[in-house]
Amino acid sequence: MIQASYQNDLSPTIGKWFAVLTKVKAEKAVCQTLVASGIQCYVPLQKITRIYTRKKRISLVPLIYRYIFVHIKKQDYVHVLEKPNIEGFVHFNRHLISIPDSEIEWLQRVTGEINDIVLENRPYTPGEAVEVVMGNLTGLKGKLIKSLGKNELLIELD
């Protein structure tokens, strides 16, 4: 059996993204605490519409419950762990594995925080290959079945 070798991705000079496990429903509060202490963090939030008897309410809830992402160097590791409501870093075989910047950017696209995509303003024909560029299905590719209106398309995903 081949053993994969892993090593800590913590660097004393280069900041990298790491996942941190928090206590239940403490993601936003932990992120605010970290930002106040000068540590860059990110919580992917999604808009949820809740309908009650007499009102409609839009809430921002974490896309991934109990997890936040921090951009740190080696000297910030202990400072993050000392903050309240943090249970620890996500690790594999006792080694911290960093998250690529592209994956954090992908999360920001999924939640609609980054919207720098230029869409082609042209009619699409059925059978044409398309890719979802915004929303929860970002990155999925498929075939256009038909256009349902100005802002709606029916797509068969691969």
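The following paragraphs examine the structure supplied in this document. (Residues numbered from 1 in each chain as written. Predicted model: local features only at pLDDT ≥ 70, side-chain atom pairs only at ≥ 80, totals over all residues. Heavy atoms only, no water.)

## Some remarks on the overall build of the chain
On a plain count of helices and strands, the chain comes out with three helices and eleven strands. Counting from the amino terminus, the chain carries its helices and strands in the arrangement β-α-β-β-β-β-α-β-β-β-α-β-β-β. Burial analysis of the chain (158 residues in total) assigns 28% to the buried set. Across the chain, the fraction of contacts at a sequence separation of at least 24, relative to all contacts at a separation of at least 6, is 56%. Carbon and sulfur atoms provide 52% of the accessible area of the chain, an area that totals close to 11,400 Å². (Helix = DSSP H or I, 4+ residues; strand = E, 2+ residues; numbered from the N terminus. Buried < 20%, exposed > 50% of the residue type's maximum accessible area, 1.4 Å probe, protein only. Contact = heavy atoms within 4.5 Å. Areas by Shrake-Rupley, 256 points an atom, 1.4 Å probe, with all protein chains shown as cover.)

## Considering the packing of aromatic side chains
For the structure shown, the criterion picks out two aromatic pairs. Here Phe18 and Phe89 contribute two aromatic rings whose centre-to-centre distance is 6.4 Å and whose plane-to-plane angle is 80°, an arrangement assigned as edge-to-face. Placement of the pair is Phe18 in strand 1 (residues 16-22) and Phe89 in strand 6 (residues 86-89), with a sequence separation of 71 residues. According to the relative accessible area criterion, Phe18 is buried, its value standing at 1%. For Phe89, a relative accessible area of 8% gives the class buried. (Phe/Tyr/Trp six-rings, centres within 6.5 Å; stacked < 30°, edge-to-face > 60°.)

## Digging into the side chain of Ser98
Along the chain, Ser98 turns up in the loop between strand 8 (95-96) and helix 3 (101-110). Within the local environment of Ser98, its side chain forms a polar contact with the side chain of Asp9, the two groups lying 2.9 Å apart. Those residues in contact with Ser98, other than ones at most four positions away along the chain, are Asp9, Lys16, Trp17 and Phe18. (Polar contact = N/O pair within 3.5 Å; in protein donor to acceptor, adjacent residues only side chain to side chain.)

## Points about the pairing of strand 4 (residues 56-62)
In this structure, strand 3 (residues 45-51) lies alongside strand 4, joined through seven bridges in antiparallel fashion. Bridge assignment links Lys47 to a residue of strand 4, and that residue is Leu60. Hairpin connection of strand 3 to strand 4: four residues between the antiparallel strands. (Pairing = 2+ DSSP bridges.)

## As for the nonpolar core
Counting residues in hydrophobic clusters, the biggest one holds 17 residues, and the most contacted among them are Leu34, Val70, Ile72, Val80 and Phe89. Those residues in contact with Leu34 that sit more than four places away from it in its chain are Ile39, Cys41, Ile68, Val70, Val80, Lys83 and Ile86. Core analysis: the second largest hydrophobic core is formed by seven residues, Trp17, Ala19, Tyr42 and Leu107 among them. (Core = buried A, V, L, I, M, F, W, Y, C linked by side-chain atoms within 4.5 Å.)

## Some details on the environment of Tyr124
Note on placement: Tyr124 falls in the loop between helix 3 and strand 9 (129-131). Relative accessible area serves as the criterion here: at 30%, Tyr124 is assigned to the partly exposed category. Taking the C-alpha atoms as reference points, Tyr124 and Ser147, 23 residues apart in sequence, are found 7.7 Å from one another.

## Some words on the state of the cysteines
Applying the stated criterion across every chain yields a total of one disulfide. The disulfide partner of Cys31 is Cys41, and the S-S distance across this bridge is 2.0 Å. Disulfide Cys31-Cys41: torsion about the S-S bond near 130°, hence right-handed. Taken as a pair, Cys31 in helix 1 (residues 27-36) and Cys41 in strand 2 (residues 40-42) lie far apart in primary sequence, ten residues in all. Summarising the burial analysis for this pair, Cys31 and Cys41 share the class buried. (Disulfide = S-S within 2.5 Å.)

This is a description of form; function is not addressed.
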